[in-house]
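# Residue-level structure breakdown
Residues per chain, in single letters:
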Amino acid sequence: MIPVCREGVRMNIDEQPGSRSVLITGASGEIGHGLIKGLRVHDDIHIVATDLKELPEDTHGLCDEVHVGDVCDASLMQQLIAMHEVTEIYHLAALLSSRAEHVPEVAHEVNVGGTFNLLKLSASHSASFGRPVRFILPSTIAVYGMSSLAQKQSVGAVSEGDCNEPRTMYGCNKLYCEHLGRYYSRHYRSLAEDRGTTMIDFRCLRLPGIIAAETKPTGGTSDFVPEMLHAAASGMPYASFVREDTRIPWMTMPECIDSMLQIGRADEGSLKHSVYNVSSFSASAGEVADMVRASFPGAQIEFTPDVDRQAIVDSWPEDVDVSSAHDDWGFSPRWGHEEAFSQYIIPSIRTHYTQA
Ligand code: SER
């Protein structure tokens, strides 16, 4: 099942002695909570979570250990990986696209430096323990870069190898980290005499805009849809920072968590690629606004585009081709556009604000 990376040496994490020990970075972010909940259903998994911020109490309670710290702190990360004999890393810590455009050098340090640290430490950990480390990285539609709106509107669903010319620091960072992960898993120190049998099993998902009912994103440029929904559900007016016709791919948070767990569990032999697009539906800001108004009749939504943030979203594709994820590890969206709203987003967001 599992990986390995070089010289035909094949090992399987599930057949190794000892149970699974998972390190989650960026654990107090939007994806962290759902992921920890999803992993916790397996009692035999040891969960170590880390973030710059303290975790919310309910998430904290699901972890075996929580460390407040910086993913760029190599000695802390090394200590966590070695002390807990980590077998899997979900590396979620990152500055998203809008935030990163304010502080691009900091974004590079965190997004690239943090990933590089963890890959390097995973390689030496796997060499000293003789066990593979599975490394799961969320990437993004921001790795794509459309040269014009006309290209965006005519190109259709993009495949993983298409249009890889990101406009943002975040997109550049993630695209490079995808390559770094592939390098560490397949070609690490390929000319070194003493290269040993380092075993990194790297898997990466290019996530679309994510819509969560229980949490609000911060610092992203796909935030216009979740912000619109949360504003309507809480009776607040909303001014969208992109035009009505702005279209990108989306998925709900439960589907995002499912797909991360699914690729984390996938049989290595079936994975022909290290990077996979995932998405459930494609929708414009205007189409979402119509659904929101239908569910929250008093919703006040206007469109006052911000030129710079608009340009970022205009560089992202309208849709992505998910056929490789479907063929290799069985990815299939749980909901289409309408079902996502009727079965998850609207009921869950109502419940969230009723209970709040
Ligand atoms: N949600 C991310 C962002 O807006 C894109 O994947 O930065």
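Before going into details, it helps to say that this report is about the structure given with it. (Residues numbered from 1 in each chain as written. Predicted model: local features only at pLDDT ≥ 70, side-chain atom pairs only at ≥ 80, totals over all residues. Heavy atoms only, no water.)

## Some points on the overall build of the protein
Secondary structure summary: the protein contains 13 helices and 14 strands in total. A globule of 356 residues ought to have a C-alpha radius of gyration of about 21 Å, and the protein, at 20 Å, matches this closely. Dimensions along the principal axes, computed over C-alpha positions, put the protein at roughly 65 × 45 × 40 Å. Here the protein holds 356 residues, and 56% of them are scored as buried. Contacts in the protein between residues far apart in sequence, at least 24 positions, make up 77% of those at least 6 positions apart. (Helix = DSSP H or I, 4+ residues; strand = E, 2+ residues; numbered from the N terminus. Rg over C-alpha atoms; globule rule 2.2 N^0.38 Å. Buried < 20%, exposed > 50% of the residue type's maximum accessible area, 1.4 Å probe, protein only. Contact = heavy atoms within 4.5 Å.)

## With respect to the sheet that holds strand β12 (residues 281-284)
Read across the sheet, 3 strands follow the order β8-β10-β12 without closing on themselves; strand pairing throughout is mixed. Every interior strand has two partners, whereas the edge strands, β8 (209-211) and β12, have only one. Strand-to-strand twist in this sheet, taken as the mean axis angle between neighbours without regard to direction, amounts to 50 degrees. Here helix α13 (residues 337-355) sits on the sheet in contact with β8, β10 (247-252) and β12, set at roughly 90 degrees to β12. (Pairing = 2+ DSSP bridges. Axes fitted to C-alpha atoms, helices over the stretch in contact; angles between N-to-C directions.)

## Structural notes on a negative patch on the surface
Among the surface-exposed residues, D70, D73, E105 and E109 lie close enough to one another that they form a single negatively charged patch. Mapping E109 onto the fold places it in helix α5 (residues 104-129). E109 sits in the exposed class, given a relative accessible area of 53%. (Patch = residues over 30% accessible without salt bridge, like charges linked within 9 Å, V, L, I, M, F, W, Y side chains within 5 Å. Areas by Shrake-Rupley, 256 points an atom, 1.4 Å probe, with all protein chains shown as cover. Salt bridge = Lys/Arg side-chain N within 4 Å of Asp/Glu carboxyl O. Lys, Arg positive; Asp, Glu negative; His and termini not counted. Charge placed at Lys NZ, Arg CZ, Asp CG, Glu CD.)

## Describing the site of the ligand
Neighbouring the ligand are the residues L96, S97, T140, Y170, L207, G220, T221, S222 and W316. Contact distances for the ligand include 2.5 Å between an oxygen atom and a side-chain N or O atom of S97. In this structure, an oxygen atom belonging to the ligand sits 2.7 Å away from a side-chain N or O atom of T140. Split by residue class, the shell around the ligand holds 4 nonpolar, 5 polar and no charged. (Near = heavy atom within 4 Å. Polar contact = N/O pair within 3.5 Å; in protein donor to acceptor, adjacent residues only side chain to side chain. Nonpolar A, V, L, I, M, F, W, Y, C, P; charged D, E, K, R; others polar.)

## Remarks on the packing of helix α8 (residues 224-233) against α13
The relative placement of two packed helices comes down to the angle between their axes together with the axis-to-axis distance. Taken N-terminus to C-terminus, the directions of α8 and α13 make an angle of 50 degrees; their axes are 9 Å apart at the nearest point. On the basis of the axis angle, α8 is oblique to α13. Crossing geometry of α8 relative to α13 is assigned as right-handed. In this structure, α8 contributes L229, H230 and A233 to the contact, and α13 contributes F341, I345, I346, I349 and Y353. A per-class count over the contact of α8 with α13 returns 7 nonpolar, 1 polar and no charged. (Parallel < 35°, antiparallel > 145°, perpendicular 65-115°, else oblique. Left-handed = near helix turned anticlockwise from the far one by under 90°.)

## What about the sheet that holds strand β1 (residues 21-25)?
In space, the 7 strands of this open sheet follow the order β3-β2-β1-β4-β5-β7-β11, with parallel pairing throughout. The open sheet terminates on both sides in strands that have one partner only, identified here as β3 (65-68) and β11 (275-277). Neighbour-to-neighbour, the strand axes of this sheet turn through a mean angle of 15 degrees, independent of strand direction. As paired strands, strand β5 (residues 133-140) and strand β7 (residues 200-207) are joined by 8 bridges and run parallel to one another. Note that in β7 the partner of S139 across the bridge is R206.

## A few points about helix α3 (residues 74-83)
Spacing of three or four residues puts side chains on the same side of an α-helix, whose turn is 3.6 residues. Listing the buried residues of α3 in full gives L76, M77, L80 and I81. An end-on view of α3 places all buried positions within 130 degrees of arc, on one side of the element. Packing partners of the buried residues in α3 comprise β1, β2 (46-51), β3, β4 (88-91) and α5. (Arc of directions from axis to C-beta.)

## With respect to the pattern of salt bridges
Counted by the stated rule, this structure contains 11 salt bridges. Note that R243 and D245 form a salt bridge whose closest N and O atoms lie 2.8 Å from each other. On the basis of relative accessible area, D245 is assigned to the partly exposed category, the value being 41%. Across the pair D328 and K272 runs a salt bridge whose closest N-O atoms are separated by 3.1 Å. Pair noted here: D328 is in helix α12 (residues 323-329) and K272 is in the loop between α9 (253-265) and β11, with a separation of 56 residues, a long-range link. Owing to a relative accessible area of 8%, D328 belongs among the buried residues under this scheme.

## Quick look at the pairing of β1
Sheet faces and side chains relate simply in a regular strand, where the side chains alternate between the two faces. Burial within β1 is extensive, with 5 of its 5 residues counted as buried. On β1, burial covers both faces: S21, L23 and T25 on one face and V22 and I24 on the other are all buried. Relative to β2, β1 runs parallel, the two sharing 5 bridges. When the sheet's bridge partners are listed, I24 is paired in β2 with A49. Pairing between β1 and β4: 4 bridges, direction parallel. Pairing of I24 across the sheet is with Y90, part of β4.

## Brief notes about the state of the cysteines
Considering all chains together, one arrives at 0 disulfides under this definition. Not engaged in a disulfide, the cysteine C172 finds its nearest cysteine sulfur in C177; these two sulfurs lie 11 Å apart. C172 sits in the partly exposed class, given a relative accessible area of 37%. Cysteine C204 is unpaired, with the sulfur of C177 as its nearest cysteine sulfur at 8.9 Å. (Disulfide = S-S within 2.5 Å.)

## Quick word on the environment of I89
Counting through the fold element by element, I89 comes out in strand β4. In this structure the C-alpha to C-alpha distance between I89 and R134, which are 45 residues apart in sequence, comes to 6.2 Å. Not counting residues within four places of it along the chain, the set of residues in contact with I89 comprises L23, I81, S122, V133, R134, F135 and I136.

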